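Listed here are the chains, written in short residue letters.
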Amino acid sequence: MEHHIAETNPLADQPSVRVCRFALIEVDDMLKFGAQTVAGLIDGKTRELTQPWLTLLDDCLAAAGALDGTEKASGREIVRRHSARPYQYDGLPRRDERFPDPYNMGVNAEVFLYDEKFRPEPKTVMMFYKRLREVDVPEMMASIITETSDKPWIITGT
């Protein structure tokens, strides 16, 4: 955000400059609180145990050219630790008791939405629930993307 504020024209891009300025106040508060929390919870032993993970994160950021990619990338090869084996997609949907019926429980949402005898509040709750239950759409898209290896959105060899 600081980079954006420094690089953009404050007259032409005033709305995003304003948003960034206020967001930076919030980020600064989060950083201060986070530093206090770490100081209160993390002792020397814990810091020593987490050092390999923190080093990996620093190396990844350096290899990416910093958080926003604007710095010169380090060129350092990152040794995979947690993703050394390629991910194997399991397309079998798994639901728990919160999702008892994968077929919208026989409710025709549009009929309910346009029925004027129902108040807006129950309609809103119903739409939230319907959207929550539409997790099958991204699941299906994930399977298509993952199982179609000859398309440009699949990055191989990384």
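Remember, predicted model here, so these are calculated numbers, not experimental data.

So, how was this worked out
- Residues numbered from 1 in each chain as written.
- Predicted model: local features only at pLDDT ≥ 70, side-chain atom pairs only at ≥ 80, totals over all residues.
- Heavy atoms only, no water.
- Helix = DSSP H or I, 4+ residues; strand = E, 2+ residues; numbered from the N terminus.
- Buried < 20%, exposed > 50% of the residue type's maximum accessible area, 1.4 Å probe, protein only.
- Contact = heavy atoms within 4.5 Å.
- Patch = residues over 30% accessible without salt bridge, like charges linked within 9 Å, V, L, I, M, F, W, Y side chains within 5 Å.
- Areas by Shrake-Rupley, 256 points an atom, 1.4 Å probe, with all protein chains shown as cover.
- Salt bridge = Lys/Arg side-chain N within 4 Å of Asp/Glu carboxyl O.
- Phe/Tyr/Trp six-rings, centres within 6.5 Å; stacked < 30°, edge-to-face > 60°.
- Lys NZ or Arg CZ within 6 Å of the ring centre and 35° of its normal.
- Lys, Arg positive; Asp, Glu negative; His and termini not counted.
- pLDDT = per-residue confidence, 0-100.
- Expected span 1.5 Å × (residues − 1).
- Polar contact = N/O pair within 3.5 Å; in protein donor to acceptor, adjacent residues only side chain to side chain.

Enquirer: Could you give me a rundown of the overall build of the protein, with the residues and numbers involved?
Expert: Each helix and strand counted, the protein has 6 helices and 0 strands in total. Order of helices (α) and strands (β) in the protein, N terminus to C terminus: α-α-α-α-α-α. A total of 158 residues make up the protein; the buried ones form 9% of that total. Here the contacts in the protein between residues at least 6 apart in sequence split such that 40% fall between residues at least 24 apart.

Enquirer: I'd like to hear about a nonpolar patch on the surface, residue by residue, with values.
Expert: Nonpolar side chains collect at one region of the surface, where V137, M140, M141, I144 and I145 lie side by side and expose about 440 Å² of accessible area between them. Summarising the element assignment, I144 is placed in helix 6 (residues 136-147).

Enquirer: So, the packing of aromatic side chains: which residues are in play, and what are the values?
Expert: Per the counting criterion, the structure on display carries 0 aromatic pairs. It is R21 that lies over the ring of F22; its NZ or CZ is 6.0 Å from the centre.

Enquirer: Lay out the side chain of K123 with the relevant residues and their values.
Expert: With respect to the element layout, K123 can be found in helix 5 (residues 120-133). At 6.5 Å, D115 is the nearest oppositely charged side chain to K123, a buried residue that forms no salt bridge. In this structure, K123 is in contact with F112, L113, D115 and F118, ignoring residues within four places of it in sequence.

Enquirer: I'd like a description of the pattern of salt bridges, backed by residues and values.
Expert: Note on pairing: side chains with opposite charge can pair once their charged atoms come close. One pass over the structure, following the stated rule, counts 3 salt bridges. Here K32 makes a salt bridge to D28, at a shortest N to O gap of 3.2 Å. One end of the pair is K32 and the other is D28, both in helix 2 (residues 14-41) and 4 residues apart, which spans about a single turn. Between R76 and D59 there is a salt bridge, with the nearest N and O atoms lying 2.6 Å from each other. Remark: D59 occurs in helix 3 (residues 44-64) and R76 occurs in the loop between helix 3 and helix 4 (109-114); sequence separation between them is 17 residues.

Enquirer: Would you mind going over unusual backbone geometry in detail, with residue names and values included?
Expert: One can expect most non-glycine residues to show negative phi and most peptide bonds to be in trans. Here the phi dihedral of A66 falls at roughly 80°; this positive angle occurs in a residue that is not glycine. Its location among the elements puts A66 in the loop between helix 3 and helix 4. Among the residues examined, A66 registers a relative accessible area of 27% and is labelled partly exposed.

Enquirer: How would you summarise the confidence of the model for the protein if you had to cite specific residues and measurements?
Expert: Averaged over all residues, the pLDDT of the protein is 83; the fraction at 70 or higher stands at 83%. Mean pLDDT across the elements of the protein ranges from a minimum in helix 6, with 75, to a maximum in helix 2, with 95.

Enquirer: Give a detailed account of helix 3, specifying residues and quantitative values.
Expert: Its 21 residues give helix 3 an end-to-end C-alpha distance of 29 Å, which sits within 8% of 30 Å, the value for a rise of 1.5 Å per residue. After helix 3 finishes, the residue G65 shows a positive phi value of roughly 80°.

Enquirer: Explain the side chain of T8 residue by residue, including any values.
Expert: By secondary structure assignment, the location of T8 is in the loop between helix 1 (2-7) and helix 2. The class of T8 is buried, set by a relative accessible area of 17%. For T8, the side chain forms a polar contact with the side chain of D13, separated by 3.0 Å. Sequence-distant contacts of T8, defined by excluding residues within four places in its chain, comprise D13 and V17.

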